[in-house]
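Reading the structure
Single-letter residue listing:
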Amino acid sequence: MQSNAPNGQWTVKMKETEKLVRVAIYARYSCDKQKETSLEDQIRMCRETAHRHGWQVDDCNIYTDSAISASKEESFAKLVGYQRFLKDWEAGKFDVFIVDEFSRMSRDAVQQAIIMRRLEKNQRVRMITVGGIDTKESDWQMRLGLDGVIAQQESRKTQRRVGRGMVGQLERGYMVATPPFGYELKREFDSQDTRIGTRWVVNETKATIVRQIFARREAGQSMHQIAAWVNCEGVTCTRKMRKPDDEYFWRPARIKTLLANTIYKGVFVWHGSTTYSARALSKGLEVKTTAYLRPELRLVSDETWMRCNSKSVSRSGYGGGKHALAGLIGCGHCGGTLVLTAKQRCRSVYCANCTVAKSANAALDGQTGTVAVAGVKLLLTQALKYFVTPDFLTAFRNSLRLRLTGDNQIELGACKARLAKLQAARQRLSHMLVDITEEDSVLMQRYEETRKKVDIEQKRLDTLEANHVAVDAKTVEAQLLADPAKLLDGIFESDIAPERLRALLTRLFPTIVFEGKNGRYLSIFRIGFVPGAALAMASDTEAMMCESLECRFELKYWSISGRGGNQPFWTVTAKPYLSASDSAACSVAQKMAGTTEPVVEDDHAHCAQTAVNTPGGRRVMTAGKIEEAKKLLASGMPVRDVAQALGVSMPSIYRWIPNRCLPSVLFSPYAKASAEEVTGCE
């Protein structure tokens, strides 16, 4: 060794260099089901490997990660030890690193390829595995590649086994995953103290908060309002803190996620999370969900959950708005939501989407007209009176009585008929989507809405056929005695909060669509009404029937200028029709009543007026003209033609003829709007 020969000098230098080799160790175990001793075992094996090479390992060069999988690319940001290891590798803080297996660094094919490429480009750093792979050997790429392929295949097998085991636990009645807010874990063990499964149990303290969140949302509060309330109450957020000194608050998106969780209505959906759906979508996979009933975990009723998640609080989904009509009315042209104008001369609603599109390109079609808020309020008030007629209430209550007797054959038949119509409508829309050459967002939206209706109706039919519907006799009796006609009397003049009133209106009228204007003062609306919701709200019970009726209404503004002090007023006229997927406005009531005659409210004696002298030079109808007008109207002649035949104005007909003699006129002209509300409105 003391020879000056070149070989001897080279041997001495190598030994001196080997004494200065800096060695690092990386160890990791995958999940919390493994023991922490796994890290100790890996580190021990790596130290023994270093000792065989004559190296010492400094404790500051040992990098570890616990209970984190490395089989998915998105998991690497959570591997704090691995990230620190890569940073020190880049900084040149070690010359050799040792791992128990190559899979401890990663099971992801892309990440394995990155590590191999780094080892090839920077051969100053050497990798050794306990299994004998050494990057100083000539065939290390092949051996490491084979080891990586085996690790990837083992990872795939593990994923399948874990998925199969989780489904098996769900089938046996146990639960998987971390419980959401309102629940806690309860592990079950056998006689040998071996864990056999995990159940979720209700945490009553947190469950009370969950019920209050649903109640506030059902009452019309926005996600922002609910989040502010929860934060003020000091409720700990469900999101885990990344650092001990971090502080997280409830956000509107977190509230929305909580409300959308089906477990609160007693249903656990396998592969139903948004995270899994997004991951499957990125991979181009079809999401197949499976629902598991967990009635012991129910915190709210199905109806409450549905109302909080089906935009029945507001069309925008998040809610909010300082006016009761904000986000309540849809546009029949573009499918958007009507907005309110500022408080200047007359507050109105209009479609901002159509208005902006029209201003950008005048050749485009769109609805740019406005409708006064005062007219919309009167429209909704009179629409309720139109739908809730004595004949209809009698037929509807008879159908409720059938529930008490257990005879649901009629209800089953009606449900099947609705499902058939919805399926036919969905098929037509599907054919239209196939035939079009350009993407049509409105048509696609209608298809999605119809598809959801088909799913809901199919589930309702399955429930009826399986006889899972439990009839609450007290609820039915309460609804039989309720009077929904009084529900909206003076409601717009009351002190109800805007969000609460908006929730009430959307529950009664799930569909309010502004279809356009026929002239300057005539607005056309399509309104859907749920009579079961009206009875439920009037009796403060849950809705027993969710059938929806639809009808088209004409809202007419009468601006009588220069007629001796007359005030402007509104009239509302019903125009029953058959829509594409639903029955005519009163067809359901007709079927219930067993009649083919239109069910139209004709008893408006309380609105009938008698002729009086009026000041200001206004044209006064004689008694003979009034009787002649009644006869002509009874024969079916339109009001306009009657006015022309008698030589009087249409407002005079509406003023002097009792409402029961007018065709489908629902609002008496004597209910006048103030000049401040309607002046300048179109």
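The notes below deal with the structure included here. Throughout, residues of each chain are indexed from 1 in the direction in which the sequence is written. The predicted origin of the model limits local features to residues at a pLDDT of at least 70 and limits the giving and counting of side-chain atom pairs to 80 or more, whereas totals for whole chains, interfaces and linings rest on all residues. Each side-chain value is derived from all of the structure's non-hydrogen atoms; neither hydrogens nor water enter the calculation.

1. Overview of the environment of Q427
Helical segments are the DSSP runs of H or I of at least four residues, strand segments are the runs of E of at least two, and each set is numbered from the N terminus. Tracing the backbone shows Q427 in helix 14 (residues 409–435). What makes Q427 partly exposed here is its relative accessible area of 48%. Note: C-alpha distance between Q427 and R451 (24 residues apart in sequence) is 9.5 Å. Relative accessibility decides the category of a residue: with a 1.4 Å probe and only protein chains considered, values under 20% of the type maximum give buried, values over 50% give exposed, and everything between is partly exposed.

2. Some points on the packing of helix 7 (residues 223–232) against helix 8 (residues 252–260)
Only the stretch in contact is used when fitting a helix axis, every axis being a line fitted to C-alpha atoms; angles between N-to-C directions are given from 0 to 180 degrees. Interhelical geometry of helix 7 versus helix 8 gives an angle of 100° and a closest axis separation of 8 Å. By the angle class used here, helix 7 and helix 8 are roughly perpendicular. Together, M223, H224, I226, A227 and V230 of helix 7 and P252, I255, K256 and L259 of helix 8 make up the contact between the two elements. Residue composition of the contact of helix 7 with helix 8, by class: seven nonpolar, one polar and one charged. By definition in this entry, angles of less than 35 degrees are roughly parallel, angles greater than 145 are roughly antiparallel, angles of 65 to 115 are roughly perpendicular, and the rest are oblique. The contact rule is simple, with two residues in contact once any of their heavy atoms fall within 4.5 Å. Classification convention: Asp, Glu, Lys, Arg as charged; Ala, Val, Leu, Ile, Met, Phe, Trp, Tyr, Cys, Pro as nonpolar; all other residues, Gly among them, as polar.

3. Considerations on the pairing of strand 16 (residues 569–575)
With six of seven residues buried, strand 16 is to be regarded as a mostly interior element. Strand pairing follows a simple DSSP-based rule, namely that at least 2 bridges must link the two strands. Pairing analysis gives seven bridges linking strand 15 (residues 549–558) to strand 16, with the strands arranged antiparallel. From the neighbouring strand, Y557 faces strand 16, where its bridge partner is W570.

4. Some thoughts on the pattern of salt bridges
Salt bridges are defined by distance alone: a side-chain nitrogen of Lys or Arg within 4 Å of a carboxyl oxygen of Asp or Glu. Enumeration according to the criterion identifies 17 salt bridges in this entry. The salt bridge partner of R126 is D134, with a shortest N-O separation of 2.5 Å. For the residue pair R126 and D134, the accessibility class agrees, reading buried in each case. Here E515 ties to R552 by a salt bridge, and the two come within 2.6 Å at their closest N and O atoms. Linking E515 in strand 13 (residues 511–517) with R552 in strand 15, this pair joins segments that are 37 residues apart in sequence. By relative accessible area, E515 is classed as partly exposed at 27%. We classify R552 as partly exposed; its relative accessible area is 23%. One salt-bridge network, in which partners are shared between bridges, spans E515, R526, E550 and R552.

Everything listed here is a matter of geometry and, on its own, says nothing about what the molecule does.
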